[in-house]
Amino acid sequence: MRRNAVRIATLALTTLALQAPSAFAQGFGVYEHDACTMARGGTGVAAPCNASAIFFNPAGLLTPGANHKWNVAIGATSISADFAFADSTSGVTTNSSGGAVMVPNMHITRQLSDKWAIGLGVFAPYGLVSEWPAAASFPGRFLGYRSDLKSIYLQPTVAVRVNSWLQIGAGFDYIHSSVDLRQRLDLSTQAAAAGVTFANLGVPVGTDFADAHLTGSSWSAGGHFGILVRPSRRISFGARYLVRAKADIQGDGEFTPIATGITLAAGNPLGVPGGTPLDSIVAPQFRTGGSLVNQHVSTNVPLPDQFVVGTAINVTSALMVLFDYQWVNWSAFSKLQLAFAQPGLGVRTLWEDYKNTNGYRVGAQYEVSPSLTLRAGALYHDGGAPEQTVTPLLPEGARVEQTLGVGFRLRSNMRVDIAYQHIIQVDRRGRVLDAPRFSTANNTGLYTGGANLFGASLAWGF
């Protein structure tokens, strides 16, 4: 039975690595990989809840006095996020169109002895989904109306107990990243002839003539290190460092023409007869030799390094309080360059210019009885995006979050945990049109947003 359980868990890990979706989070980071830890405000580096220590602190795979050699934790978090953009000039408010996103997680550990343990985990520390209407009423569609980034980490891990109070751990991260971007192209900004844009021909600003769909994926590698110090039974300290990685995305760009229905007037600068359909003029761009044929595209997406340090204090035998500090090197995300195979498109640079962020977490749990545990937490972190790059792609900002949860012990070797998390994001002015680097001149509206998260996890040992 134990062998079958391990085989099932390993198969589930492989499945999750291929199918886990991305999520709404600070920067494009995700931290909700276990309902027990989530309910404590994400505090876990000094006292991991279960086998999810593979993510929250690789040194925590060893559990003092453990009665089970194998430990498995499997769960999922549902993230329902809502964004809105209120245009200051028109007064029109556009709501994001994305629905709930499900983020699964799974970890399995094997305690080999009192001194050694190994494990394997799947988690998604980086990912985002941002979706807006592609309708003409939303000008942000020309920057992007759907952005989907997934980075799934498959992490084999080992931990060792150095002495009675010190544990260290390390993991190797095998990372699968994928990108799916969609945007509309505005004909008015395109060159019709040397020194002449289609806007000069009377084409209205905001005329859709093509839909761009960019997809790609890559495999990369990284590392994860942790340390856990228990100077006494009442207090513990922990720290972990997730190494920076880079996703070298290789993929395809597909361009689908959109009919404009516009006809050119007589005496136009192109010298074609009056009444000529404009769509026939741009049609060659979608055929062989044109710049908008389906083609290879590549980009590099940085996956920032992060450092977390914290403490856990057992105030009484039933009450534990926890404090964590998190730093993320978001300055690594300075730009997103899209390199197209066709010379007509070349390299397009999306400047992001993110800054490093700081997060502060506090959590507590109270064991009402051996079968019931209550948890709560709160956290704050600042936003990574500067004022000039708050766009539909990722309109994120500083956030305050509150968490609640409960844990039920179903039997001596099995527990289920449930968590709820509410995110309140600070309103931020931003833009829906392209702009020069460092410019806030096109910040023409206000982005608002928030999210509700529900998590559940099942942990058992055997």
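Above this note sits the structure.
Novice: Before we go on, may I ask you to explain the overall build of the chain in this structure?
Specialist: Counting secondary structure elements, the chain contains four helices and 22 strands. Radius of gyration (C-alpha) of the chain: 25 Å, near the 23 Å computed for a compact globule of 462 residues. Taking the principal axes of the C-alpha coordinates as reference, the chain spans close to 90 × 40 × 35 Å. With 462 residues in all, the chain has 53% of them scored as buried. Counting only carbon and sulfur atoms, one obtains 59% of the accessible surface of the chain, whose full area is about 19,400 Å².

Novice: Looking at this model, I keep getting lost on the packing of aromatic side chains. Mind explaining?
Specialist: Here the distance between the centres and the angle between the planes together describe a pair of aromatic rings. Going through the model one piece at a time under the given rule, you end up with 18 aromatic pairs. Taken together, Tyr31, Phe55, Phe56, Phe123 and Tyr153 form an aromatic cluster joined through their ring pairs.

Novice: Before we go on, may I ask you to explain the nonpolar core in this structure?
Specialist: Grouped burial of nonpolar side chains is what soluble globular proteins tend to show. Formed by 59 residues in total, the largest nonpolar core has its most connected members in Tyr126, Tyr153, Leu187, Phe198, Phe209, Phe255 and Val301. Ile79, Val101, Val103 and Leu453 belong to the second-largest nonpolar core, a separate cluster that totals eleven residues.

Novice: Just checking my understanding: could you explain a nonpolar patch on the surface for this structure?
Specialist: A cluster of nonpolar side chains, namely Leu112, Trp116, Ile118 and Val158, defines an oily patch on the protein surface of about 360 Å² accessible area. With respect to the helices and strands, Ile118 occurs in strand β4 (residues 116-131). The class for Ile118 is partly exposed, based on a relative accessible area of 37%.

Analysis parameters
- Residues numbered from 1 in each chain as written.
- Predicted model: local features only at pLDDT ≥ 70, side-chain atom pairs only at ≥ 80, totals over all residues.
- Heavy atoms only, no water.
- Helix = DSSP H or I, 4+ residues; strand = E, 2+ residues; numbered from the N terminus.
- Rg over C-alpha atoms; globule rule 2.2 N^0.38 Å.
- Buried < 20%, exposed > 50% of the residue type's maximum accessible area, 1.4 Å probe, protein only.
- Areas by Shrake-Rupley, 256 points an atom, 1.4 Å probe, with all protein chains shown as cover.
- Phe/Tyr/Trp six-rings, centres within 6.5 Å; stacked < 30°, edge-to-face > 60°.
- Core = buried A, V, L, I, M, F, W, Y, C linked by side-chain atoms within 4.5 Å.
- Patch = residues over 30% accessible without salt bridge, like charges linked within 9 Å, V, L, I, M, F, W, Y side chains within 5 Å.
- Salt bridge = Lys/Arg side-chain N within 4 Å of Asp/Glu carboxyl O.

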